[in-house]
Amino acid sequence: MIKFKKTNRALTEVGKTLRVKLQDELKFQKHNATGRLSSSLKYNVIKRGMSVLNITSSVSYWRAVNNPKFAKTPNYNAIASWARAKKGIESTPAAITRIYAKMLRKGYGQPYVFWTEGNSLRRTNFAGYVANKFSKQVAIKLAPSIGEDVASMIREKIKNNTKAKVR
C-alpha cells in the first residue's frame, strides 16, 4: 500500500492557498455582498487510495455565481436579498421588480451588471480563473512531495524484495 504522507501534507497546504485565492477572486469580482459564499469555501484532502483535494461550498448558489447560465429562471427573493445586502442599490420592491423584469427580458443567465469599474471587471468563472492562474504553482508545490513519496515506496519495495540493505 502506498502512503502519500508528504503529498497529503502538501495537498493540505495547497487547499489552504486555493481557498484564500478563491476568496480573493470573489472579492475582486464583487461577489461578496453578504460574504456567505466566501466564508463557506472549505477544503478537504481525501486520503483513501490516491489522495484527492476537494474544495466545496455549503451555499447552494455558488454554481450560479460561477456561471450565470447554470440557473434557469431568476429568483425574486434571491434578488431582493442581494439588493438589500449590496450597498448603493435601491432595494425597494419597485427597484427589485425592475431588476427581475430586466433579467427575464434579457434572458436569465446574462449577468446583471451593476458596477462602476467599467466592463473590464471579470464577473464569472471565479473557480476556473483561480484554477488556471495557479495551476503551475500547485504543480510546483506538489511535485517534490509526490517524488519523495514515490521514492519512499520504491525503497520499501526493494527492501522487502531483497536481503540487501538499502539506505
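The model shown is predicted, which means the values in this text are computed figures rather than measured ones.

Quick word on the packing of helix α1 (residues 5–28) against helix α6 (residues 126–161)
Close contact between α1 and α6 brings their axes to 9 Å; oriented N to C, the two are set at 165°. Of the possible angle classes, the one that applies to α1 and α6 is roughly antiparallel. The hand of the α1/α6 crossing is right-handed. For the pair α1 and α6, contact is made by Lys 5, Lys 6, Thr 7, Ala 10, Leu 11, Glu 13, Val 14, Leu 18, Lys 21, Leu 22, Glu 25 and Leu 26 and by Phe 126, Ala 127, Tyr 129, Val 130, Phe 134, Val 138, Lys 141, Leu 142, Ser 145, Ile 146, Glu 148 and Asp 149, respectively. Across the contact of α1 with α6, the residue classes tally to 14 nonpolar, 2 polar and 8 charged.

Considering helix α4 (residues 76–85)
When we look at burial in α4, the residues that qualify are Ile 79, Ala 80 and Ala 83. One face of α4 carries all of its buried residues, which in axial projection span an arc of 100°.

A word on the side chain of Asn 8
Its place among the elements puts Asn 8 in helix α1. For Asn 8, a relative accessible area of 11% puts it in the buried group. Those residues in contact with Asn 8 that lie beyond four places of it in its chain are Val 45, Lys 47 and Ser 51.

The rules behind the values
Residue numbers restart at each chain and count upward from 1, following the sequence in its written direction. Confidence filtering applies because this is a predicted model: local features only for residues at pLDDT of at least 70, side-chain atom pairs given and counted only at 80 or more, and all residues used for totals across whole chains, interfaces and linings. Only hydrogens and water are set aside; all other atoms, that is, all heavy atoms of the structure, feed into the side-chain values. In this analysis an axis means a line fitted to C-alpha atoms, helices contributing only their contacting stretch, and an angle means the value between N-to-C directions, from 0 to 180 degrees. Numbering of helices and strands runs from the N terminus; a helix is a DSSP stretch of H or I covering at least four residues, while a strand is a stretch of E covering at least two. What sets the label is the angle itself: under 35 degrees gives roughly parallel, over 145 gives roughly antiparallel, 65 to 115 gives roughly perpendicular, and the rest give oblique. Two helices crossing with the near one rotated counterclockwise from the far one by less than a right angle form a left-handed crossing, whereas a clockwise rotation gives a right-handed crossing. Here, two residues are considered to be in contact whenever any of their heavy atoms come within 4.5 Å of each other. Throughout, the ten residues Ala, Val, Leu, Ile, Met, Phe, Trp, Tyr, Cys and Pro are labelled nonpolar, Asp, Glu, Lys and Arg are labelled charged, and all others, Gly among them, are labelled polar. Partly exposed residues are those whose accessible area sits between 20% and 50% of the maximum for their type, while under 20% is buried and over 50% is exposed, using a 1.4 Å probe and protein chains only. Our arc is simply the arc of the directions from the helix axis toward the C-beta atoms.

Note that all results are geometric; they support no functional claim without further evidence.
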